[in-house]
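The chain contents come next:
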Amino acid sequence: MPLWLFAFLGALAVIASLGMVLQRNPVHCLLALVLTMLDLGAIYIGLGAETVGLLQIIIYVGAIMILFLFIIQLLNLQTEPVIGGALGLKLLGALGAAALAAELAVLLTQASPPAPAAALPAGYGSIASIALSLFSNYLIAFEVTSVLLLAAVVGAIGLARRLPAATQAPVSDEAGENIRSAAG
Amino acid sequence: MTPVSYFMGLSAVLFAIGVAGMIVRRNLIVMFMSIELMLNAVNLAFVALGRQLGSMDGQVIVFFAMTVAAAETAIGLGILIATFRNRATIDADDLNLLRW
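Each residue is numbered by its place in its chain's sequence as written, counting from 1. As they are written, the chains are lettered A onward and the ligands numbered 1 onward, keeping that order. Only residues with pLDDT of at least 70 get local features here, since the model is predicted, and only at 80 or more are side-chain atom pairs given and counted; chain-wide, interface and lining totals rely on the full set of residues.

K.L.:
Mind showing me how you'd approach the overall build of chain B here?
P.N.:
Broken down by element type, chain B carries three helices and zero strands. Helices and strands appear in chain B in the N-to-C order α-α-α. The globule rule is 2.2 Å times the number of residues to the power 0.38, and the radius of gyration it is compared with is taken over C-alpha atoms. The C-alpha radius of gyration computed for chain B amounts to 17 Å, which surpasses the reference 13 Å derived for 100 residues by more than 25%, pointing to a less compact arrangement than a globule. For chain B, the spread of C-alpha atoms along the three principal axes comes to 50 × 25 × 20 Å. A buried classification covers 49% of the 100 residues belonging to chain B. The long-range share in chain B, meaning contacts at least 24 apart out of those at least 6 apart in sequence, stands at 47%. Strands are runs of DSSP state E lasting at least two residues, helices are runs of H or I lasting at least four, and both sets are numbered from the N terminus onward. Neighbour counting defines burial: a residue surrounded by 20 or more other C-beta atoms within 10 Å of its own C-beta is buried, one with 12 or fewer is exposed, and intermediate counts give partly exposed, using backbone-placed C-beta atoms. Once C-beta atoms have been placed from the backbone, residue pairs whose C-beta atoms lie within 7 Å are recorded as contacts.

K.L.:
Would you take a moment to explain the overall build of chain A for this structure?
P.N.:
In terms of regular secondary structure, chain A is built from seven helices and zero strands. Reading chain A from its N terminus to its C terminus gives the helix and strand order α-α-α-α-α-α-α. A buried classification covers 21% of the 184 residues belonging to chain A. Considering only contacts in chain A between residues 6 or more positions apart, those separated by 24 or more positions represent 53%.

K.L.:
Looking at this structure, I do not really get the interface of chain B and chain A. What am I missing?
P.N.:
The interface of chain B with chain A comprises 57 residues on the first partner and 69 residues on the second. Among the elements of the structure, helix 1 (4–24), helix 2 (28–53) and helix 3 (57–87) of chain B are those that each provide at least two residues to the side of chain B that touches chain A. Here the side of chain B that touches chain A takes 21 residues from helix 3 of chain B, the largest share from any one element.

K.L.:
Looking at this model, I keep getting lost on the packing of helix 3 (residues 50–75) of chain A against helix 2 of chain B. Mind explaining?
P.N.:
A pair of packed helices is captured by two measures, namely the crossing angle of their axes and the spacing between those axes. Orientation is described by lines fitted to C-alpha atoms, with helices fitted over the stretch in contact, and by angles between N-to-C directions that extend from 0 to 180 degrees. Contact pair helix 3 of chain A / helix 2 of chain B: the axes reach a minimum separation of 12 Å and the direction vectors enclose 175°. Judged by the inter-axis angle, helix 3 of chain A sits roughly antiparallel to helix 2 of chain B. Between helix 3 of chain A, through Val 52, Phe 68, Ile 71 and Ile 72 of chain A, and helix 2 of chain B, the contact on the second element is made entirely by Ile 29, Met 33 and Val 47 of chain B. Each residue gets one label: Ala, Val, Leu, Ile, Met, Phe, Trp, Tyr, Cys and Pro are nonpolar, Asp, Glu, Lys and Arg are charged, and the others, such as Gly, are polar. By residue class, the composition of the contact of helix 3 of chain A with helix 2 of chain B is seven nonpolar, no polar and no charged. With respect to orientation, any angle under 35 degrees is reported as roughly parallel, any angle over 145 as roughly antiparallel, any angle of 65 to 115 as roughly perpendicular, and every other angle as oblique.

What follows is the structure, given as structure tokens:
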């Protein structure tokens, strides 16, 4: 990736992610995050990881971010009012994050980077090479992933499901009875 | 050709912005977005280092990180909806039942 392209995409990523933190309307925050994700996808493609870059755009921007958008609309979130009281917390957050960024940047850039590979293998970043890795070295992890996703689906339904009032009320009454009888 | 340390620096900055969002914002959904930003910052480091080493492992790990992020989003947003239904708020400062 040429330096000028990195400078442009990197600056865009930082500005967009700062926009996510600083905006008060949740939808604007989300759009800024979508811009960051698209930008990172472009960086991945620039790094020769075409498949991961496209997956980033499809999965993150196309699925996860849209899910966030649905939730924001479902909860009908409005622009947050300006609250003056939490200035100390904001200052602490900004200073702490700046210190963390400086520390991480120094650590990561000072750590002796691995010597660049002489030449990238043929088909680097293609679907075929990722699939070859996934279904040979990482086969067990790949299979466990399906269990994880199934658990997530079941858990999400269980959490978001509205319990019928008929089943909810007796349970709470019973619990109250138990507490009262234990206390008595 | 951009040196790999530049990508590491960008990754560090994005991660720190995510941490700042986590501390500064009180809106649960924006805090959740900050977590996504931190995950993406680490993914960037994986892809850049994998490219440097000429190895596919970094990209495969990013693939798994995306899967975990998808599962985490589904569960997290489910918790958020359950919270909103019970308390009619998603402000982290209003959820103070376990606070002393």
